[in-house]
Amino acid sequence: MIERVAGVPKGTYVSRVIASRHAEGTAYATFDGHRSNDFGIYVYATSDYGETWRRITAGLPDNGASST
């Protein structure tokens, strides 16, 4: 999965994937890089069954998080 998600560093764990209850083919995914000292915010959505993913973190505060 992570190969299809641009902007997520290699080795970052998929922490959760949740399918939408309202829109077929839509899902949301979060990624966790803290084991690599990466505290960036990685939240993505798909609306085509995972073929493409878009980052949906616009407007979220990063609280000083740093990503590699």
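If you're wondering where the values come from, they're calculated on a predicted model, not measured in any experiment.

Regarding the sheet that holds strand β1 (residues 13-19)
Part 1: One open sheet accounts for 4 strands, arranged β1-β2-β3-β4; its pairing is antiparallel. With one partner strand each, in any of the chains shown, β1 and β4 (54-55) form the two edges of the open sheet.
Part 2: Judged from the 6 bridges that link them, strand β2 (residues 27-33) and strand β3 (residues 38-46) form a sheet pairing that is antiparallel. Bridged to Ala29 within β3 is Tyr44.

Description of the pairing of β2
Part 1: Because side chains alternate across β2, one face comprises the buried residues Ala27, Ala29, Phe31 and Gly33, and the other comprises Tyr28, Thr30 and Asp32, none of which is buried.
Part 2: Pairing of β1 with β2 involves 6 bridges; the strand directions are antiparallel. Each residue of the ladder has a partner; that of Val14, found in β2, is Phe31.
Part 3: Counted between consecutive antiparallel strands, the loop separating β2 from β3 contains 4 residues, among which Asn37 sits at a positive phi close to 60°.

Rules behind the numbers
Sequence order as written defines residue numbering, which begins from 1 separately in each chain. In view of the model being predicted, local features appear only for residues whose pLDDT reaches at least 70, and side-chain atom pairs are presented and counted only at 80 or more, with totals across whole chains, interfaces and linings using the full set of residues. The basis for every side-chain value is the complete set of non-hydrogen atoms in the structure, without hydrogens or water. Strands pair, by our definition, only if DSSP identifies at least two bridges between them. Numbering of helices and strands runs from the N terminus, with a helix taken as a DSSP run of H or I at least four residues long and a strand as a DSSP run of E at least two residues long. When a residue's accessible area, from a 1.4 Å probe over protein chains only, is under 20% of the maximum for its type it is buried; when over 50% it is exposed; and in between it is partly exposed.

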